[in-house]
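# Chain and residue survey
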Amino acid sequence: MTAKHKLKLALREAYARTLFHTGLHRVVNRLMPRRLTILMGHCVDAPAHNAHFPRDMKIGAAKLEAWLRTFQRDYELVTVADGWKRIQEPRALSKSLVALSMDDGYADNRTELLPLLQKLGATATIYLEERPLEERRITWTHKLFWTLDRSGPDEYIRRYGELSSDRATCEKLAAAVREGRQIYQLKRVLKYEADPADRDRTVDAIFRERSGDEARLAQQMYMSWEQARELEQAGVELGVHTISHAILSRLDADAQRAEIQGCQRRLAERLRAPARTLAYPWGRRWDYNADSCAIAAESRFECAVSSHAGTNDARAKRWELKRIAIDDDARLHLLVTEACGGFDLLRKLGVDWSE
Ligand SMILES: [Zn+2]
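Treat the numbers as computed from the prediction; the structure is a model and nothing was measured. (Residues numbered from 1 in each chain as written. Predicted model: local features only at pLDDT ≥ 70, side-chain atom pairs only at ≥ 80, totals over all residues. Heavy atoms only, no water.)

### Focus: the overall build of the protein
On a plain count of helices and strands, the protein comes out with 18 helices and 10 strands. Dimensions along the principal axes, computed over C-alpha positions, put the protein at roughly 60 × 55 × 40 Å. Burial analysis of the protein (355 residues in total) assigns 55% to the buried set. Sequence separation of 24 or more characterises 74% of the internal contacts of the protein that already satisfy a separation of 6 or more. On the protein, roughly 15,900 Å² of surface is accessible, and the fraction owed to carbon and sulfur atoms is 50%. (Helix = DSSP H or I, 4+ residues; strand = E, 2+ residues; numbered from the N terminus. Buried < 20%, exposed > 50% of the residue type's maximum accessible area, 1.4 Å probe, protein only. Contact = heavy atoms within 4.5 Å. Areas by Shrake-Rupley, 256 points an atom, 1.4 Å probe, with all protein chains shown as cover.)

The following block contains the structure:
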């Protein structure tokens, strides 16, 4: 990390702590235009469902409850679809809006998150991936996480090197492990740089060698359609997250359309109401493209969300709404500073300390 970047992080931290602990965030919140802040997570910590998940996919129930209570004091908690609709009339809002979104459709969203939402009288938006629900199949990333949890990175890379014929990727994986940024880097190399067919085959072979059972793991990790319907019944918004969690930008427009509209049709078939919003898998600017946004528009969604940090006002890019990641390591003072418009205020003053 460069000295300049370290300084930026330190200033950002000091600014957010000051706003949060002095209560100034409430003043900023009142002064700044009304906005919609969308929080983005994956699961609530529940060992029966997600013990092997990386830390950045989980948040403890007690922490999430405390955070939602904090937001409930100064904001209105809404779904993504309602939040986007209502932010179009900012003058009609007495408070700014916060939406909690959770991606992929994990079982804990039903068993842990729903009771928490009901206790608080709150709601959320959950983005469902079709394949784990419909076919009980999982992506290569979850086979990777599950196996890494058993073997550790060194052993994993050794075996990968023996089974894969993609030599360039094996070299990069070995280098990533040597540099010590292990699981995150392994995932990044396998996601963006590996030959996808070789990767899927190799990850699956290692998973099976360790007696991994795809259907059983899918059952343990993901909710069922029955549970999805219980969430819908309870007023939780269920949105589209594609059939197979593909990197959309790697697909042509027809294949993207099949991923997005296929999942949309399946949800319409299995649930009571049509999905109103879409979350691009992975969600970074390089994971989707102009075709993805055009297909979101032609598919009559109300808006689509990315994974880039920031808040949204009425003029936000409707097909690329921003979200702020939450996990166990996220910090409440930074979340509140985003939500109250504290970083937007700085940007207006020409200082960009966000992201
Ligand atoms: Zn996802």
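Now that the structure has been shown, the text picks up again.
### Overview of the packing of aromatic side chains
Going through the model one piece at a time under the given rule, you end up with 7 aromatic pairs. For the pair phenylalanine 71 and tyrosine 75, a centre-to-centre distance of 5.7 Å together with 65° between the ring planes defines the contact as edge-to-face. With a relative accessible area of 3%, tyrosine 75 lands in the buried category. Taking 4.4 Å as the distance between ring centres and 20° as the angle between the ring planes, the aromatic pair formed by tyrosine 280 and tyrosine 288 counts as stacked. (Phe/Tyr/Trp six-rings, centres within 6.5 Å; stacked < 30°, edge-to-face > 60°.)

### Here's the deal with helix α4 (residues 61-74)
Spanning 14 residues, α4 covers 21 Å between terminal C-alpha atoms, matching the ideal 20 Å at 1.5 Å per step. Listed as buried for α4 are Leu64, Glu65, Trp67, Leu68, Thr70, Phe71 and Asp74. (Expected span 1.5 Å × (residues − 1).)

### Here we look at the domain arrangement of the protein
As far as domains go, the protein holds domain 1 (3-136 + 222-348) and domain 2 (140-216). Each partner contributes residues to the interface: domain 1 has 12 residues there, and domain 2 has 10 residues. Both sides of the domain 1 and domain 2 interface together cover about 1,000 Å² of buried area, and 61% of this is carbon and sulfur. Summed over the shared surface of domain 1 and domain 2, the number is 4 residue pairs in polar contact (both at pLDDT 80 or more). (Domains from an automatic or database assignment. Buried area = accessible area lost by both parts, 1.4 Å probe. Polar contact = N/O pair within 3.5 Å; in protein donor to acceptor, adjacent residues only side chain to side chain.)

### Remarks on the environment of methionine 1
Mapped onto the elements, methionine 1 comes out in the segment before α1 (3-22). In this structure methionine 1 comes out as exposed when scored by relative accessible area, which is 67%.

### Examining the pattern of salt bridges
Under the counting rule described, the total for this entry stands at 36 salt bridges. Residues aspartate 82 and arginine 276 are paired through a salt bridge, measuring 3.0 Å at the closest nitrogen-oxygen approach. Of this pair, aspartate 82 sits in helix α5 (residues 80-87) while arginine 276 sits in the loop between α15 (253-270) and β8 (277-279), and the two are 194 residues apart along the sequence. Overall, the relative accessible area of 31% leaves aspartate 82 in the partly exposed class. By relative accessible area, which is 26% here, arginine 276 ends up partly exposed. Between arginine 257 and aspartate 254 there is a salt bridge; the shortest N-O distance is 2.9 Å. (Salt bridge = Lys/Arg side-chain N within 4 Å of Asp/Glu carboxyl O.)

### A look at the environment of tryptophan 67
Here tryptophan 67 is to be found in helix α4. Accessibility expressed as a relative area gives 8% for tryptophan 67, which makes it buried. Each C-alpha atom of the pair tryptophan 67 and leucine 335 lies 9.3 Å from the other, and the pair is 268 residues apart in sequence. The contact partners of tryptophan 67, leaving out residues within four places of it in the chain, are Ile59, Ile326, Asp327, Ala330, Leu332 and Leu335.

### Quick word on unusual backbone geometry
Even without glycine at this site, serine 211 takes up a positive phi of about 65°. Its location among the elements puts serine 211 in the loop between α12 (196-209) and α13 (214-221). In this model, arginine 300 sits at a positive phi of 65°, which is unusual for a non-glycine residue. Here arginine 300 is to be found in the loop between α16 (290-298) and β9 (303-305). Taking relative accessible area as the criterion, arginine 300 reaches 74% and is therefore assigned exposed.

### Here we look at a nonpolar patch on the surface
Judged by side-chain polarity, Leu24, Val27 and Leu31 come together as a nonpolar surface patch covering roughly 280 Å² of accessible area. You can see leucine 24 is positioned in helix α2 (residues 24-31). (Patch = residues over 30% accessible without salt bridge, like charges linked within 9 Å, V, L, I, M, F, W, Y side chains within 5 Å.)

### Re the packing of helix α6 (residues 108-120) against helix α14 (residues 225-233)
Following both chains from N to C, one finds α6 and α14 inclined at 25°, their axes separated by 9 Å at the closest point. By the criterion of interaxial angle, the relationship of α6 to α14 is roughly parallel. Like other packed secondary-structure pairs, α6 and α14 cross with a definite hand, here left-handed. Contacts between α6 and α14 involve Asn109, Arg110, Thr111 and Leu114 from the first element and Gln227, Glu230 and Leu231 from the second. By residue class, the composition of the contact of α6 with α14 is 2 nonpolar, 3 polar and 2 charged. (Axes fitted to C-alpha atoms, helices over the stretch in contact; angles between N-to-C directions. Parallel < 35°, antiparallel > 145°, perpendicular 65-115°, else oblique. Left-handed = near helix turned anticlockwise from the far one by under 90°. Nonpolar A, V, L, I, M, F, W, Y, C, P; charged D, E, K, R; others polar.)

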